[in-house]
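Here's the letter readout for the chains.
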Amino acid sequence: MEKVILVTGANSGIGLALCERLLYEDSRLQLCLACRNMQRAEAARSALLTSHPDAHIDLLHLDVGSVRSVLHAANKVKASNVVKMFATAEGLLTQQDRVNKDGLQEVFATNLFGHFVLVRELDSILCQAGQTSRVVWTSSSNARRSAFSLDDVQHRLGTEPYASSKYASDLVSLALNRHNNSQGLYSSVICPGLVMTNLTYGILPSFFWTLIMPIMYLIRIFTNTFTLTPYNGAGALHSLFLKKTESLDPRAKYHSLTSGMGSNYTQPRQMDIDDDMSEALYVKLLEMEKAARKRLKEEDDNKQAYKKYLDQTE
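So, a few notes on the structure that sits alongside this text. All residue numbers refer to position in the chain's written sequence, counted from 1. Residue-level local features of this predicted model are given only where pLDDT is at least 70; pairs of side-chain atoms are given and counted only at 80 or more, and the full residue set underlies all totals for whole chains, interfaces and linings. Processing note: side-chain calculations cover all non-hydrogen atoms of the structure and skip hydrogens and water entirely.

1. Digging into the overall build of the protein chain
Think of it this way: any DSSP run of H or I at least four residues long counts as a helix, any run of E at least two long counts as a strand, and we number them from the N terminus. Summing up its helical and strand segments, the protein chain has 11 helices and 8 strands in all. All radius of gyration figures rest on C-alpha atoms, and the globule criterion is 2.2 Å times the number of residues raised to 0.38. The C-alpha radius of gyration of the protein chain comes to 20 Å, within 12% of the 20 Å expected for a compact globule of 314 residues. Across its three principal directions, the C-alpha atoms of the protein chain cover 70 × 50 × 45 Å. Contacts are assigned to residue pairs with any non-hydrogen atoms lying within 4.5 Å of each other. Taking contacts inside the protein chain between residues at least 6 apart in sequence as the whole, the part at least 24 apart equals 73%. Counting every atom, the protein chain has about 15,000 Å² of accessible surface; 53% of that belongs to carbon and sulfur. Where the 34 positive side-chain charges of the protein chain centre and where its 33 negative ones centre are 1 Å apart. We get accessible surface area from the Shrake-Rupley algorithm with a probe of 1.4 Å; when it comes to residues, only the shown protein chains can shield them. By the counting scheme adopted, Arg and Lys are positive, Glu and Asp are negative, and His together with the chain ends is not counted. A charge is said to be at NZ when it belongs to Lys, at CZ for Arg, at CG for Asp and at CD for Glu.

2. So, helix α11 (residues 275-313)
For α11, built from 39 residues, the straight-helix expectation of 57 Å at 1.5 Å per residue is met to within 8% by its first-to-last C-alpha distance of 57 Å. M277, S278, L281, Y282, L285, M288, E289, A292 and L296 are the residues of α11 that are buried. For α11, the elements touching its buried residues are α3 (67-78), α4 (106-121) and α6 (161-180). The opening residue of α11 is D274, an N-cap whose side-chain oxygen sits 3.2 Å from the backbone nitrogen of D276. One less than the residue count of a helix, multiplied by 1.5 Å, gives the span that helix is expected to have. Partly exposed describes any residue whose relative accessible area lies between the buried limit of under 20% and the exposed limit of over 50%, with all areas from a 1.4 Å probe on protein chains only and scaled to the type maximum. N or O atoms closer than or at 3.5 Å make up a polar contact, with two conditions inside protein: a donor-capable atom paired with an acceptor-capable one, and, for residues adjacent in sequence, both atoms drawn from side chains.

3. Some details on the packing of α6 against α11
To get an axis, fit a line to the C-alpha atoms, keeping to the stretch in contact for a helix; angles then go from 0 to 180 degrees between the N-to-C directions. Running from N to C, α6 and α11 cross one another at 90°; their axes reach a closest spacing of 8 Å. When the axis of α6 is compared with that of α11, the two are roughly perpendicular. Judged by residue contacts, Y167, A168, L171, V172, L174, A175, L176, R178 and H179 of α6 engage D275, M277, S278, E279, L281, Y282 and L285 from α11. Under the scheme applied, nonpolar residues are Ala, Val, Leu, Ile, Met, Phe, Trp, Tyr, Cys and Pro; charged residues are Asp, Glu, Lys and Arg; polar residues are all the others, including Gly. Classifying every residue of the contact of α6 with α11 by side-chain character gives 11 nonpolar, 2 polar and 3 charged. By the definition adopted for this analysis, an angle is roughly parallel if under 35 degrees, roughly antiparallel if over 145, roughly perpendicular if from 65 to 115, and oblique otherwise.

4. Notes on unusual backbone geometry
With the exception of glycine, most residues fall at negative phi, and the peptide bonds are largely trans. Even without a glycine there, the phi angle at H155 is positive, about 65°. Note on placement: H155 falls in the loop between β5 (133-138) and α6. A positive phi angle, close to 70°, is found at L228, a residue other than glycine. Checked against the element boundaries, L228 lands in the loop between α8 (206-219) and α9 (230-233).

5. Comments concerning the sheet that holds strand β6 (residues 185-191)
Two modes of strand pairing occur in sheets, parallel and antiparallel, and in both the strands are linked by backbone hydrogen bonds. Strands are treated as partners if at least two bridges between them are detected by DSSP. Ordered by their spatial adjacency, 8 strands build an open sheet running β3-β2-β1-β4-β5-β6-β7-β8, and the pairing between neighbours is mixed. In this open sheet, the two edge strands, each paired with only one partner strand, are β3 (56-61) and β8 (264-270). Recorded for the sheet is a direction-independent mean angle of 20° between the axes of neighbouring strands. Where strand β1 (residues 4-8) and strand β4 (residues 85-87) come together, 3 bridges link them in parallel fashion. Bridge pairing links V7 to A87 in β4.

6. So, a nonpolar patch on the surface
Here the term patch refers to residues with relative accessible area over 30% and no salt bridge, with like charges joined within 9 Å and nonpolar side chains (Val, Leu, Ile, Met, Phe, Trp, Tyr) within 5 Å. Criterion for a salt bridge: a side-chain nitrogen of Lys or Arg within 4 Å of a carboxyl oxygen of Asp or Glu. A surface patch of nonpolar side chains, about 380 Å² in accessible area, is lined by L218, I221 and F222. Among the secondary structure elements, F222 is positioned in the loop between α8 and α9. Judged by its relative accessible area of 73%, F222 is exposed.

7. Here's the deal with the environment of F148
Looking at the secondary structure, you find F148 in the loop between β5 and α6. Residue F148 is classed as buried on the basis of its relative accessible area, which comes to 8%. Expressed as a C-alpha distance, the spacing of F148 and A163, which sit 15 residues apart in the sequence, is 7.6 Å.

8. A closer look at the pairing of β1
Counting buried positions along β1 yields 5 of 5 residues, so the element is predominantly enclosed. Side-chain alternation along β1 places V4, L6 and T8 on one buried face and I5 and V7 on a second face that is also buried. Place the viewer so that the strands point away; then a crossover is right-handed whenever the path from the first strand over the helix to the second strand goes clockwise. Viewed along the sheet, the connection from β1 through helix α1 (residues 13-25) into strand β2 (residues 30-35) turns out right-handed.

9. Describing the pairing of strand β7 (residues 252-258)
β7 sits mainly inside the fold: 7 of its 7 residues count as buried. Residue alternation in β7 divides its side chains into two sets, A252, Y254, S256 and T258 and K253, H255 and L257, and both sets are buried. With 7 bridges connecting them, β7 and β8 associate as antiparallel partners. Bridge pairing links L257 to Y265 in β8. Here β7 folds back onto β8 in antiparallel fashion, the turn holding 5 residues, of which G262 has a positive phi close to 95°.

Next up, the structure:
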């Protein structure tokens, strides 16, 4: 069966670096770059085709912060009827959260809920008899239990939305394994380490990074989590692609690490998660998904009713 890899946020950073590494590993892969900005997605596709001219690369418009966009994109993917691996990229790295047009907290929607709905919507092709598929969540070392609360899963009342959303992805991965392993779908979690991407550079002024980057490379001699480049940050994602899906530990987070000399390697570390909390979050997300679908249907019905009214009055 042809290997189809769907990568969200694939137009830059870790997502694009993963695509590059996957194509070097197997140029026969079929890649699907799922991006919000199609102009940047096309630029990424062109760059990949420059180094891999025979590659099969498709583009998919997807804004994981919008439930409607997720469902629309999923319908297009289901037409292909096969996806072997679904990988998320970095997500939204900010502490300045806000409510999106769906009424959800933007960081929660982008980093977790949109991907959860997408996995659920692609269930029919991810869970097919006689095949194994995988979902790989890009989490973070900042994913901390202390930042997350089941009473506030969207982190409306907190001040660490990124850490909360990434811890939630750790919990969801565990729940997906519990519910879907018997159907051939496996979920894993990776941490890219400290990577310098457009998201990271946007946190502080550019002159700051110009001054501090040489120091960060020196610090890497003592701290292997300073992967720094998207290529190194995608190391764990690439490593999991090469491993047998069933052999991966569902309670481990696979960390991209880089030695002081720049060598890239992957190491699993146990996550601070438990079954009860992961199941409780899973149930809450199912309820939120149901509510979101109902709201979208009501919006569509109202639009149809209004259109019918206009047609009748003409």
